[in-house]
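Observations on chain architecture
Below, each chain spelled out in residue letters.
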Number of protein chains: 2
Amino acid sequence: MERRLAAILSADVVGYSRLMGADDEGTLATLSTYRDVVDSLIAEHQGHVFGSAGDSVVAEFGSAVQSVRCAVAIQRAINRRNADLPDRQRMEFRIGVNLGDIMVQNDNLYGDGVNVAARIGEVADPSDICNSSEAYEQIAGKVSFPTSSLGERNLKNIARPVSIYRVDWRLDDMQAREILRGSLSLPDK
Amino acid sequence: MERRLAAILSADVVGYSRLMGADDEGTLATLSTYRDVVDSLIAEHQGHVFGSAGDSVVAEFGSAVQSVRCAVAIQRAINRRNADLPDRQRMEFRIGVNLGDIMVQNDNLYGDGVNVAARIGEVADPSDICNSSEAYEQIAGKVSFPTSSLGERNLKNIARPVSIYRVDWRLDDMQAREILRGSLSLPDK
């Protein structure tokens with residue numbers, strides 16, 4: 001068994017079961033297209049996709065900065081594609097990012113850090129990216145988008161409360177730069 | 001894209017995140033051992049395991065009868081192994097079984113039927129096996145263990161309520177035969 005420190009990105013589709021129940025072939029077609037986008041962005045950011053089932057994607061990165069940059073690239077790409085689709089065909093992802101001393105076995109990723117990443121993704125709103133404070137501490141000052149603290153949350157089956165930070169990737173670059181310089185405060189979402 | 005009618009078995013570990021948080025290497029060791037047991041029983045019953053992430057297992061069977069026999073074999077095997085372990089090392093699975101006209105793409109299984117199987121597994125108690133009425137109808141009279149109706153349940157993100165039946169695999173064979181003959185009524189669990 002191999003152990004290593006990693007940033008874990010966990011993504012899933014908002015309302016996947018509902019979408020699949022309403023139009024299975026259409027949902028699978030959109031999911032396949034979007035998964036191609038997600039997988040290629042993960043590879044571009046030096047991440048590695050581990051076993052995925054249904055709509056869930058779990059990827060490992062050697063760098064927290066790269067994992068969060070990748071999450072932003074994913075949400076921006078999906079957002080652009082959704083804008084071209086009628087409402088009922090849109091598909092949104094929620095993303096959680098966490099750090100963990102993970103274990104690798106049989107090409108699968110295991111550990112508390114992986115489970116916490118998935119739980120953080122579950123509390124994210126549609127199209128949002130949420131980080132644990134552990135991931136936040138590694139990216140603060142190193143990425144060009146602001147974050148908002150969402151406070152501590154109790155996550156299902158996770159013993160300790162987790163401090164969660166949202167990445168405000170929807171701001172345009174000008175706003176983001178001004179907020180990071182401290183000349184503008186973060187708008188309400 | 002390939003479509004086919006299949007019985008879907010969805011299994012996951014009760015309290016997996018909690019177990020992993022308390023002892024990650026011990027949990028992974030037990031999970032690996034139990035997954036070997038589960039995977040070999042699925043193969044023995046002519047099932048095929050599809051993409052699994054973390055503690056979840058999704059398998060497809062060409063026969064509903066075989067999928068439920070496999071689920072019972074899994075719970076009996078895990079139960080025997082747990083009996084030899086101290087309490088804190090025990091690991092229980094919940095299993096959901098459903099029928100579905102599923103889609104296969106890139107060695108992954110998709111469709112409403114797969115999602116419903118997973119949701120049925122989520123409402124099962126530890127070590128229980130729950131079937132949808134669609135699966136139940138295909139096994140009634142063909143398997144040697146009784147079932148109890150748990151009534152209709154609303155499952156998360158599933159549009160219609162699902163009638164659920166529990167397989168009472170814990171009964172010994174003598175009790176089960178008498179219940180099936182109608183000379184004994186089902187005991188409370």
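Summary of the structure given here. On a predicted model such as this, the values are computed, not experimentally measured, just so you know.

1. A word on the overall build of chain A
A count of helical and extended segments in chain A gives six helices and eight strands. Taken from the N to the C terminus, the helices and strands of chain A come in the order β-α-α-β-β-α-β-β-α-β-α-β-β-α. Relative to the globule expectation of 16 Å for 189 residues, the C-alpha radius of gyration of chain A, 16 Å, shows essentially globular dimensions. If one aligns the C-alpha atoms of chain A with their principal axes, the spans along those axes are about 50 × 45 × 30 Å. Across the 189 residues of chain A, 52% fall into the buried class. The long-range share in chain A, meaning contacts at least 24 apart out of those at least 6 apart in sequence, stands at 69%. Approximately 8600 Å² of chain A is accessible, and the part contributed by carbon and sulfur atoms is 45%.

2. Remarks on the interface of chain A and chain B
Tallying the contact residues gives 29 residues for chain A and 29 residues for chain B. Between chain A and chain B lies a buried interface of about 2400 Å² when both sides are counted; carbon and sulfur atoms form 50% of it. The tally of links from chain A across to chain B stands at four salt bridges. The residue arginine 3 of chain B makes a salt bridge to glutamate 25 of chain A at a minimum N-O spacing of 2.7 Å.

3. Things to note about the pairing of strand E1 (residues 2-13) of chain A
All names here are of chain A. Across 12 bridges, the pairing between E1 and strand E4 (residues 93-105) is antiparallel. Within the sheet, the bridge partner assigned to leucine 5 lies in E4 and is aspartate 101. Two strands pair when backbone bridges link them, and E1 and strand E3 (residues 57-61) are joined in this way by five bridges, in the antiparallel orientation. Directly across from serine 10, in E3, lies its bridge partner valine 58.

4. Some remarks on the relation of the copies chain A and chain B
Overlaying chain A on chain B yields an RMSD of 0.0 Å, the required transformation being a rotation through 180° with an accompanying axial translation of 0.0 Å. Here the copies are linked by what is in effect a two-fold axis. Interface residue correspondence from chain A to chain B reaches 100%, placing this contact among same-surface, isologous pairings.

5. Regarding the pattern of salt bridges
Scanning the entire structure with this criterion turns up 24 salt bridges over all chains. The partner of arginine 35 of chain A in a salt bridge is aspartate 39 of chain A, with the nearest N and O atoms 3.1 Å apart. Separated by four residues within a single helix, arginine 35 of chain A and aspartate 39 of chain A lie in helix H2 (residues 24-44), roughly one turn from each other. Relative accessible area serves as the criterion here: at 29%, aspartate 39 of chain A is assigned to the partly exposed category. Residue arginine 90 of chain B is joined to aspartate 87 of chain B by a salt bridge in which the shortest nitrogen-to-oxygen separation is 3.2 Å. One continuous salt-bridge network, built from bridges that share partners, spans Arg3 and Asp101 of chain A together with Asp24 and Glu25 of chain B.

6. Considering helix H3 (residues 64-83) of chain B
If you check H3 of chain B, its first and last C-alpha atoms are 29 Å apart, about what 20 residues at 1.5 Å a residue would give, namely 28 Å. At the N-terminal boundary of H3 of chain B, the capping side chain belongs to serine 63 of chain B, with an oxygen 3.2 Å from the backbone nitrogen of valine 65 of chain B.

7. With respect to the environment of threonine 30 of chain B
Residue and element names in this part refer to chain B. Assignment of secondary structure puts threonine 30 in helix H2 (residues 24-44). For threonine 30, a relative accessible area of 13% translates into the label buried. C-alpha of threonine 30 to C-alpha of arginine 90: the two residues are 60 residues apart in sequence and 8.3 Å apart in space. Non-local contacts of threonine 30, meaning those with residues more than four positions away in its chain, are made with Gln89 and Met91.

8. A word on the environment of arginine 81 of chain A
Residues and elements named next belong to chain A. With respect to the helices, strands and loops of the structure, arginine 81 is situated in helix H3 (residues 64-83). Judged by its relative accessible area of 35%, arginine 81 is partly exposed. As a C-alpha pair, arginine 81 and threonine 27 span 54 residues in sequence and 14 Å in three-dimensional space. Filtering out sequence-adjacent residues up to four positions away, arginine 81 remains in contact with Tyr34 and Val37.

Conventions and cut-offs
Residues numbered from 1 in each chain as written. Chains lettered and ligands numbered in written order. Predicted model: local features only at pLDDT ≥ 70, side-chain atom pairs only at ≥ 80, totals over all residues. Heavy atoms only, no water. Helix = DSSP H or I, 4+ residues; strand = E, 2+ residues; numbered from the N terminus. Rg over C-alpha atoms; globule rule 2.2 N^0.38 Å. Buried < 20%, exposed > 50% of the residue type's maximum accessible area, 1.4 Å probe, protein only. Contact = heavy atoms within 4.5 Å. Areas by Shrake-Rupley, 256 points an atom, 1.4 Å probe, with all protein chains shown as cover. Buried area = accessible area lost by both parts, 1.4 Å probe. Salt bridge = Lys/Arg side-chain N within 4 Å of Asp/Glu carboxyl O. Pairing = 2+ DSSP bridges. Least-squares fit on C-alpha atoms with pLDDT ≥ 70 in both. Expected span 1.5 Å × (residues − 1). Polar contact = N/O pair within 3.5 Å; in protein donor to acceptor, adjacent residues only side chain to side chain.

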